[in-house]
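# Topology and contacts: notes
Chain by chain, the residues:
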Amino acid sequence: MNDILPSESAKWEWLEDKVRNLMARFAYRNTRLPIVESTALFVRGLGEVTDIVEKEMYSFEDRADKHGQAEHLTLRPEGTAGLVRAVVEHNMLYEGGKRLYYMGPMFRREKPQRGRYRQFHQIGAEALGFPGAEVDAELILLAHSLWQEIGLQNVELQLNSLGQPEERKAHRAALIEYLEKNVDQLDEDARRRLYSNPLRILDTKNPAMQDLVNAAPRLFDFLGEASLKHFDAVKAILDANGVKWTLNTRLVRGMDYYNLTVFEFVTTQLGSQGTICGGGRYDYLIEQVGGKPAPAVGWALGVERVLELLKEQEQSTPDLVPDAYAIVPDAGTLPTVMAALQTLRVAGVSVQMHTPTTAGEGMGSMKSQFKKADASGARFGLIFGADEMARGAVTVKSLRDGDGQQVEQQLASIDQWAATLRVAG
Ligand code: ATP
Ligand code: MG
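Scoring rules and cut-offs
- Residues numbered from 1 in each chain as written.
- Chains lettered and ligands numbered in written order.
- Predicted model: local features only at pLDDT ≥ 70, side-chain atom pairs only at ≥ 80, totals over all residues.
- Heavy atoms only, no water.
- Near = heavy atom within 4 Å.
- Polar contact = N/O pair within 3.5 Å; in protein donor to acceptor, adjacent residues only side chain to side chain.
- Areas by Shrake-Rupley, 256 points an atom, 1.4 Å probe, with all protein chains shown as cover.
- Helix = DSSP H or I, 4+ residues; strand = E, 2+ residues; numbered from the N terminus.
- Nonpolar A, V, L, I, M, F, W, Y, C, P; charged D, E, K, R; others polar.
- Buried < 20%, exposed > 50% of the residue type's maximum accessible area, 1.4 Å probe, protein only.
- Contact = heavy atoms within 4.5 Å.
- Pairing = 2+ DSSP bridges.
- Salt bridge = Lys/Arg side-chain N within 4 Å of Asp/Glu carboxyl O.

Taken together, 16 residues sit near ligand 1, with R108, E110, R116, Q122 and R253 positioned nearest. For ligand 1, an oxygen atom lies 3.3 Å from a polar atom in the backbone of I276. Protein chains bury 91% of the 580 Å² of accessible surface belonging to ligand 1 in isolation. Of all the elements in the fold, those that place two or more residues in the shell around ligand 1 are β6 (119–128), β10 (275–281) and β11 (296–302). For the shell around ligand 1, the leading source of residues is β10, giving three residues. Looking at the shell around ligand 1 residue by residue, the class counts come to six nonpolar, four polar and six charged.

Structure, rendered in structure tokens:
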């Protein structure tokens, strides 16, 4: 679990702002949901034989209530199950479909390594109540637009279709037959999943099993006409938008709840943690967690991985620096100075005031104050010296331009010159 300190958090806020802005343009609305949900929700929603439910959840028993009953609770390992719970609980699909998004921490007890943490952050987008392929495509376009707007490059979109339950059943039988014939080549995980979740065996990262899974029966070859039509409709929209994709028939995703379209955005620049965003259609999950049957589709991206990839690609993200730094030689002037700074802030200027860190030693020398002003990154120094203050004024000195230009401005007319201090103008 990481501490995100100011040197990093400016990037986080920048990314979150980009996301908020983009979501608004796609008409997705924000939700803020609990971090703790009942354990049963995830067991039912994600599937019992998944990595997350089998070994990655932080679960605990709550204190017993007065009847001696204690609830089993879990820190959310992903956002979809909780979102669906909320949608059902608040009957949100009553008047039609909903387009929603969320951002926040998720928890999985995994082996920590680069791009894989125990508390990590996801941004997710979900469209619920819409059965059509156009919504699958819209969500992919939404993610694709985000990469463009933050300047992320070289992310590959991989697509697959997991078809419908009937098609999966036929494929499953063929797959089990194939795996049974080659049971001596299965690792321990695969043997355990042979009958409970054979599809997930295809997702193995074990190098020794790659030949075996490459030659296994492909679910894609079991898809019927309707599933293929849905898949083609998604592709047609992506093609019309110039979004490149590749078919990855081995893409199955970690959760049981997917059907039809599944997709991942992957990069080769983050070592083995190369998936920055994954999602797909999950038409049976809402019913699974107790709602009226309704289709849905969504994705989630890993914030840490996206930021890591931006860094890897040396894509600059803006630093948060104040517009101005107030230099105050005499503590006796603080009431007047702080009233002036307040007026500037109300006018939209960000100002950092020089503040001593040692008690009883005054405000410090001009030299040391200028040093601090430089270090702050501010574009302007506001010098509240005795001479100019006697004239009801402040000196505004450019700290960034080489010539150190300065002008005297009247404190009584701050509103008229405040905008000249703002970086954005
Ligand atoms: P992986 O195959 O890398 O384990 P996943 O399929 O478990 O990923 P999802 O559950 O689909 O991941 O979550 C969506 C995204 O969240 C991932 O694509 C990834 O970017 C990010 N993510 C998942 N687990 C972690 C983690 N432990 N630490 C950081 N980011 C993560
Ligand atoms: Mg995982």
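Having seen the model, we can carry on.
Tracing the backbone through its elements, the reader meets D283 in the loop between β10 and α11 (285–288). On the basis of relative accessible area, D283 is assigned to the buried category, the value being 15%. Among the polar contacts listed, one links the side chain of D283 to the side chain of R281, at a separation of 2.8 Å. Not counting the four nearest positions on each side in its chain, D283 is found in contact with N259, L260, A294, P295 and A296.

Quick look at the pairing of β6 now. For β6, the tally of buried residues reaches nine of ten residues, placing the bulk of the element in the interior. Taken together, the ten bridges between strand β5 (residues 98–107) and β6 define a ladder with antiparallel strand orientation. Among the inter-strand pairings, K98 is bridged to a residue of β6, identified as L128. Relative to β11, β6 runs antiparallel, the two being bridged by seven bridges. Paired with E126 across the two strands is G298, which belongs to β11.

Taken as a whole and assessed by the stated rule, the structure comprises 23 salt bridges. A salt bridge links R192 to E54; the shortest N-O distance between them is 2.7 Å. Taken together, the residues R192 in helix α7 (residues 188–193) and E54 in helix α3 (residues 51–56) connect sequence positions 138 residues apart. It is possible to trace a salt-bridge network through shared partners that takes in D51, E54, K55, D189, R192, R193, R200 and D203.

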